[in-house]
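# Tertiary structure, described
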Amino acid sequence: RRWIEEEGVGMIFATSFYYQWDAYHMAKRYPSVPFIHTTGWLTGDNMAQVFPKVYQARYLSGIVMGWYLKVNNLPKRVGYVSSYPLGETVRAINAFKLGLEKVDPEIEVYLIWLYTWGNARRERLGVTRLIEFYGVEGITQHTDSREPSLVAQENGKVAVGYNADMQLTVGDAVLTSPVLVWGEDYSKFVQKALDGEPLDNANVRHGAESGSWRLSEFSSKVPAEARLMVEEEQAKLLRGEEDIFCRPGL
């Protein structure tokens, strides 16, 4: 409110799931101001949603994890710490599992819901439980801190990070990380506002073909077989081929 009424801000980007309802009600209050929210579903005449098809990157990261386990002849168990049971998070889990199944259908996923987007203590406890009690060899996450990857590294396991290249702060135990790339989508919304074009309840979901996500650099632990399969599957996604996700229940 202060930004709009006192500082004359002409556009709002609400960049957290938590902001969705606030943004929705503020958009109703200020109909001349465009509101862009990420990760949600509510839209309006002056409110749009945007979120990359990062489940595509999750699929590829599952391939990476699957090949690591296969080449090293490790137990077929992977731990997954996720935040809340939502459409976004369930899609991510399903896509990651599809990637594992592409390599070996027998790889199992052990899931813990943490009911937080970011709480280092909960993330550490969740990953520790998965390793000590379920014997998982790899960890992936849908939370925001590096803690899951760090705990995996401390226990001699590997991880797939999220939202940032966690290899930079954890090390080679992080095989790769799906990373969201917002610039292209954001710039298009800014241009629409500058041109005076309405948002019209837009709900934008771009994928590999738009560069809306990327996989971070692969760890030296990632086997050649994984690199080759990821290259092949990513080429399909770049062509807009998403048949892999067209299965009942996904």
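Heads up: the structure comes first, above all this text.
Reference entry: report on the structure contained in this document. (Residues numbered from 1 in each chain as written. Predicted model: local features only at pLDDT ≥ 70, side-chain atom pairs only at ≥ 80, totals over all residues. Heavy atoms only, no water.)

### Observations regarding the side chain of Glu123
In this fold, Glu123 is placed in helix H5 (residues 120–134). Here Glu123 occupies a buried position and makes no salt bridge, while the nearest side chain of opposite charge, Arg122, is found at 8.8 Å. Within the local environment of Glu123, its side chain forms a polar contact with the side chain of Thr143, the two groups lying 2.7 Å apart. In contact with Glu123, not counting residues within four places along its chain, are Leu114, Gly118, Gln141, Thr143, Asp144, Ser145, Glu147 and Pro148. (Helix = DSSP H or I, 4+ residues; strand = E, 2+ residues; numbered from the N terminus. Buried < 20%, exposed > 50% of the residue type's maximum accessible area, 1.4 Å probe, protein only. Lys, Arg positive; Asp, Glu negative; His and termini not counted. Salt bridge = Lys/Arg side-chain N within 4 Å of Asp/Glu carboxyl O. Polar contact = N/O pair within 3.5 Å; in protein donor to acceptor, adjacent residues only side chain to side chain. Contact = heavy atoms within 4.5 Å.)

### Here we look at the pairing of strand S4 (residues 77–82)
The buried count for S4 comes to five of six residues, which makes it a mostly enclosed element. Two strands pair when backbone bridges link them, and S4 and strand S5 (residues 108–113) are joined in this way by six bridges, in the parallel orientation. Within S5, the position partnered with Val78 by the bridge is Val109. Since S4 and S5 lie parallel, the crossover through helix H4 (residues 87–103) that links them has a hand, and here it is right-handed. Where S4 lies against strand S6 (residues 138–142), five bridges are found, and the strand directions are parallel. (Pairing = 2+ DSSP bridges. Right-handed = clockwise from strand over helix to strand, strands pointing away.)

### Considering the environment of Gln56
Structurally, Gln56 is set in helix H3 (residues 55–71). Taking the C-alpha atoms as reference points, Gln56 and Pro248, separated by 192 residues in sequence, lie 17 Å from one another. With sequence-adjacent residues up to four places away left out, Gln56 is seen in contact with Gly207, Ala208, Trp213, Leu237, Glu242 and Phe245. Side-chain polar atoms of Gln56 contact the side chain of Glu242, separated by 2.8 Å.

### Focus on the sheet that holds strand S3 (residues 47–50)
One open sheet holds the four strands; their spatial order is S1-S2-S3-S10, and the pairing between them is parallel. Of all the strands in the sheet, the pair left with one neighbour each is strand S1 (12–14) and strand S10 (203–204). For S3 and S10, the ladder comprises two bridges, and the chain directions are parallel. Within the sheet, the bridge partner assigned to Gln49 lies in S10 and is Asn203. Where helix H2 (residues 20–29) meets the sheet, it contacts S1, strand S2 (35–38) and S3, and its direction lies at approximately 155 degrees from that of S3. Sheet contacts for helix H8 (residues 183–194): S1, S2, S3 and S10; angle to S3, the most-contacted strand, approximately 165 degrees. (Axes fitted to C-alpha atoms, helices over the stretch in contact; angles between N-to-C directions.)

### Topic: the pattern of salt bridges
Scanning all chains against the criterion turns up 12 salt bridges. Among the ionic pairs, Glu242 bridges to Lys53, the shortest N-O distance being 3.1 Å. Here Glu242 is found in the segment after helix H9 (224–238), whereas its partner Lys53 is found in the loop between S3 and H3, with 189 residues between them in sequence. Lys53 shares its class with Glu242; the two are buried. A salt bridge links Lys102 to Glu233; the shortest N-O distance between them is 3.7 Å. Separated by 131 residues along the polypeptide, Lys102 in helix H4 and Glu233 in helix H9 bring together distant segments of the chain. The buried category is assigned to Glu233, whose relative accessible area is 7%. The network of salt bridges with shared partners includes Lys76, Asp104 and Glu106.

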